[in-house]
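What follows is the residue order along each chain.
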Amino acid sequence: RTRRGKSLPRRNGIFGSFDGNSLGNFGGSSCGMMKLLADTMLARNGKVIGVFTKSLPEKLIRHDLTESIITENLAERKSEMLKHADAIVALPGSIGTFDELFDALAQKKLGAIRCPIGVLNVDGFFDPLFELLKKSMDVGFTSERAFSMLKSGRTPGELLENMNKTVNGKGE
C-alpha cells in the first residue's frame, strides 16, 4: 500500500460523511480503507456484517463486527455480499475491488441484481476506469445502457445523489 492510499480517506474526511446506521455487507478485513469505514460505522453504533473467506488469515479477520459470515471461496463471498446489498459502493482499492465491482456490473447487466452501483471517485481515482469504459463503448463493446449502470461521485453526498437517481428510475 502506498502512503497516498492510506491517507486518502482521512485527508478527505470521507468516512465521517456517510449517513445511516448500517454498513451492511463488509468485504474488507482488519486493514485498509474498508477498515476505516467499518470503524466509523461501529463508532456510530452502526451495524457491520463481515463476509470473509475461510482462507483469509486469522489475523486479518475482524472479531468486533455485528456479524461475521465465513464462505468457502471468493465466488461465494461475492455472491453472499450481493445477495444482501441494497447498493454497492466501491472505494479506491486494488484488484479485489475491481473484481467485485466488475462482477456486480456484470450481474446487474444480466438482471441478477437491481441495486445501484457506484464508485467514490476520490481525487479522480476512478477516472481512468471511466475512460476505459468510454473507449469500450466508443468501439462497440459496451452499450450505453451498461456504461450508465456505474455511478460516480467525488464526495459521498454527490455519489449518493447520483445513485438515488438510479433508484428513482431516472438514472438508467
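Cut-offs applied
- Residues numbered from 1 in each chain as written.
- Predicted model: local features only at pLDDT ≥ 70, side-chain atom pairs only at ≥ 80, totals over all residues.
- Heavy atoms only, no water.
- Phe/Tyr/Trp six-rings, centres within 6.5 Å; stacked < 30°, edge-to-face > 60°.
- Buried < 20%, exposed > 50% of the residue type's maximum accessible area, 1.4 Å probe, protein only.
- Helix = DSSP H or I, 4+ residues; strand = E, 2+ residues; numbered from the N terminus.
- pLDDT = per-residue confidence, 0-100.
- Contact = heavy atoms within 4.5 Å.
- Pairing = 2+ DSSP bridges.
- Axes fitted to C-alpha atoms, helices over the stretch in contact; angles between N-to-C directions.

## Quick look at the packing of aromatic side chains
And step 1. Going through the model one piece at a time under the given rule, you end up with two aromatic pairs.
And step 2. Residues F125 and F126 carry aromatic rings whose centres are separated by 5.0 Å and whose planes lie at 80° to one another, so their mutual orientation is edge-to-face.
And step 3. On the basis of relative accessibility, which here comes to 1%, the residue F126 falls in the buried class.
And step 4. Both rings, one in F130 and one in F147, keep their centres 6.4 Å apart while their planes meet at 85°; by these two values the pair is edge-to-face. One end of the pair, F130, is in helix α5 (residues 127-138); the other, F147, is in helix α6 (residues 144-148), and 17 residues separate them in sequence.

## What about the confidence of the model for the chain?
And step 1. Averaged over every residue, the pLDDT of the chain is 80; residues scoring 70 or more account for 79%.
And step 2. The secondary structure element of the chain with the lowest average pLDDT is helix α1 (residues 3-12), at 41, and the one with the highest is α5, at 97.
And step 3. Note on residues 1-18: pLDDT under 50 across the span, and 34 contacts to partners over four residues away in sequence or across chains.

## Observations concerning the sheet that holds strand β5 (residues 117-120)
And step 1. Taking strand neighbours across the sheet as the criterion, the three strands line up as β4-β5-β6 in an open arrangement whose pairing is parallel. A single partner strand is all that each edge strand has here, and the edge strands are β4 (88-90) and β6 (150-153). Across the sheet, the axes of successive neighbouring strands diverge by a mean angle of 30°, strand direction being ignored.
And step 2. Those strands touched by helix α4 (residues 95-109) are β4, β5 and β6, and its axis lies near 155° from that of β5.
And step 3. With respect to the sheet, α5 is in contact with β5 and β6, its orientation differing from that of β6 by roughly 145°.

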